[in-house]
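Okay, here's what each chain looks like letter by letter:
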Amino acid sequence: MINKNKQIYEFLDQLAANNNREWFKDHKALFDDLRQNWIDQLDDLRSKMSVWDPDLLRQPLSDCVYRIYRDTRFSHDKTPYKTYFAAVLSPWGRKSFRPCYYLQMGSGFIDSGLYGGMYCPPPQELKKVRTAIVDNIEEFEEIINEPRLKKLFPGWFGEALKTVPKGYDRNHPLAHILRQKDFGKAHLVDEKFFTDDNWTERASEIFSVLKPLNDFFNYSIDEEEQRTDF
């Protein structure tokens, strides 16, 4: 039996070499079949993850899967299609700034991997998280220094300021983290990961390590919002 994810990688490699509407139109039926298989696998992954995070089932799966069509309006790269499959699993769907579990598998220079944390949070929410880190430093350090998290998701992934933002102590013990604009984590994988028949089980186990960090970000935002309501 042919491994469907090997077929996905082969398709994405061919798409990267033929990134035009004519080629895609000729292979649309194959794409539809592979995309549906990808969605079925995501459904299985989310089911496994819901054992330790039931809130992930709040959104329809259709709100979690990204389209393959690129938005080229403001890009110098006018190729019409992404050369990767991607999805975000969260209680709020793919359009939210909230902490999430994101995964992508792709061709060429695309970083296939499992990602988590917060990406591109609005300024108000970014400030809430930074304030929560300062106010709850011991709890936060315990979370980020957990051995499995440090091993599977080393360092931080995303943009950072060159200096500590205004209003925060430049000599704070976590000054290097307060500089983050994205509080992202990344576990990069190769093609062998996604072509393993048990990849959804492995991915669920890896993602579960991120839950305490995502929970910290979520309740930090919620607590700050509750304070401003009074």
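Further up the page is the structure itself.
Our subject in this report is the structure included herewith. (Residues numbered from 1 in each chain as written. Predicted model: local features only at pLDDT ≥ 70, side-chain atom pairs only at ≥ 80, totals over all residues. Heavy atoms only, no water.)

## A look at the environment of Asp53
Here's step 1: With respect to the element layout, Asp53 can be found in the loop between α3 (28-49) and β1 (84-89).
Here's step 2: For the pair formed by Asp53 and Ala132, sequence separation is 79 residues and the distance between their alpha carbons is 22 Å.
Here's step 3: Other than its neighbours up to four places away in sequence, Asp53 contacts Tyr101 and Lys211. (Helix = DSSP H or I, 4+ residues; strand = E, 2+ residues; numbered from the N terminus. Contact = heavy atoms within 4.5 Å.)

## Re empty space enclosed by the protein
Here's step 1: Summed over all chains, the structure comprises 1 cavity of 30 Å³ or more.
Here's step 2: If you add up the space inside the largest cavity, you get close to 40 Å³.
Here's step 3: Around the largest cavity, the lining residues are Arg35, Trp38, Val65, Tyr66, Arg67, Ile68, Tyr84, Phe85 and Ala86.
Here's step 4: For the lining of the largest cavity, the secondary structure elements donating two or more residues are α3 and β1. (1 Å grid on protein atoms, 1.4 Å probe; cavity = no way out; pocket = protein on both sides within 12 Å on 5 of 7 lines; lining within 4 Å. Points joined across faces, edges and corners; volume = space filled by probe spheres on them.)

## As for helix α5 (residues 137-144)
Here's step 1: All of the buried residues in α5 are Phe140, Ile143 and Ile144. Seen from one end, α5 has its buried residues packed into an arc of 90 degrees, which puts them on one side. Opposite the packed face of α5, turned more than 90 degrees from it, sit the exposed residues Glu138 and Glu142. (Buried < 20%, exposed > 50% of the residue type's maximum accessible area, 1.4 Å probe, protein only. Arc of directions from axis to C-beta.)

## What to know about the sheet that holds strand β4 (residues 183-188)
Sheets are built from strands that pair by backbone hydrogen bonding, the pairs being arranged parallel or antiparallel.
Here's step 1: Taken together, 4 strands build an open sheet; the order of strands is β1-β2-β3-β4 and the sheet is antiparallel. Looking along the sheet, the strands with just one partner apiece sit at the ends: β1 and β4. Ignoring which end each strand starts from, the neighbouring axes of this sheet average 15 degrees apart.
Here's step 2: As paired elements, strand β3 (residues 113-118) and β4 share 6 bridges and run antiparallel to each other. Opposite Gly113, over in β4, you have Leu188 as the bridge partner. (Pairing = 2+ DSSP bridges. Axes fitted to C-alpha atoms, helices over the stretch in contact; angles between N-to-C directions.)

## Topic: the state of the cysteines
Here's step 1: As enumerated under the stated definition, the model contains 0 disulfides in all.
Here's step 2: Free cysteine: Cys100, not disulfide-bonded; nearest cysteine sulfur from Cys64 at 10 Å.
Here's step 3: For Cys100, a relative accessible area of 11% corresponds to the buried category.
Here's step 4: Of the cysteine sulfurs around Cys120, a residue in no disulfide, the closest is that of Cys100, at 10 Å.
Here's step 5: Residue classification places Cys120 among the exposed residues on the basis of a relative accessible area of 65%. (Disulfide = S-S within 2.5 Å.)

## Describing the packing of α3 against helix α9 (residues 199-208)
Here's step 1: Their axes nearest at 9 Å, the elements α3 and α9 cross at an angle of 45 degrees. When the axis of α3 is compared with that of α9, the two are oblique. Both α3 and α9 take part in a crossing whose hand is right-handed. Side by side, α3 and α9 meet where Trp38, Gln41, Asp44, Leu45, Lys48 and Met49 of the first sit next to Trp199, Thr200, Glu201, Ala203, Ser204 and Phe207 of the second.
Here's step 2: Counted by class, the contact of α3 with α9 contains 6 nonpolar, 3 polar and 3 charged residues. (Parallel < 35°, antiparallel > 145°, perpendicular 65-115°, else oblique. Left-handed = near helix turned anticlockwise from the far one by under 90°. Nonpolar A, V, L, I, M, F, W, Y, C, P; charged D, E, K, R; others polar.)

## Description of the packing of aromatic side chains
Here's step 1: Scanning all chains against the criterion turns up 25 aromatic pairs.
Here's step 2: For the ring pair Tyr101 and Phe207, a centre distance of 5.4 Å and an interplane angle of 70 degrees mean the geometry is edge-to-face. Pair noted here: Tyr101 is in strand β2 (residues 100-106) and Phe207 is in helix α9, with a separation of 106 residues, a long-range link. Summarising the burial analysis for this pair, Tyr101 and Phe207 share the class buried. (Phe/Tyr/Trp six-rings, centres within 6.5 Å; stacked < 30°, edge-to-face > 60°.)

## Some words on the nonpolar core
Nonpolar side chains in soluble globular proteins tend to be buried together.
Here's step 1: Ranked by size, the top nonpolar core spans 56 residues in total, and within it Trp38, Phe85, Leu103, Ile133, Phe140 and Phe194 carry the most contacts.
Here's step 2: Sequence-distant contacts of Phe85, that is, excluding residues within four places in its chain, are made with Ile8, Leu12, Phe31, Leu34, Arg35, Trp38, Ile68, Leu103, Gln104 and Met105.
Here's step 3: With 6 residues, the next largest nonpolar core counts Ala86, Val88, Tyr115 and Ala186 among its residues. (Core = buried A, V, L, I, M, F, W, Y, C linked by side-chain atoms within 4.5 Å.)

## Quick look at a negative patch on the surface
Here's step 1: On the surface, Glu10, Asp13, Asp190 and Glu191 cluster together into a negatively charged patch.
Here's step 2: Mapped onto the secondary structure, Asp190 falls in the loop between β4 and α8 (191-194).
Here's step 3: The class of Asp190 is partly exposed, set by a relative accessible area of 46%. (Patch = residues over 30% accessible without salt bridge, like charges linked within 9 Å, V, L, I, M, F, W, Y side chains within 5 Å. Areas by Shrake-Rupley, 256 points an atom, 1.4 Å probe, with all protein chains shown as cover. Salt bridge = Lys/Arg side-chain N within 4 Å of Asp/Glu carboxyl O. Lys, Arg positive; Asp, Glu negative; His and termini not counted. Charge placed at Lys NZ, Arg CZ, Asp CG, Glu CD.)

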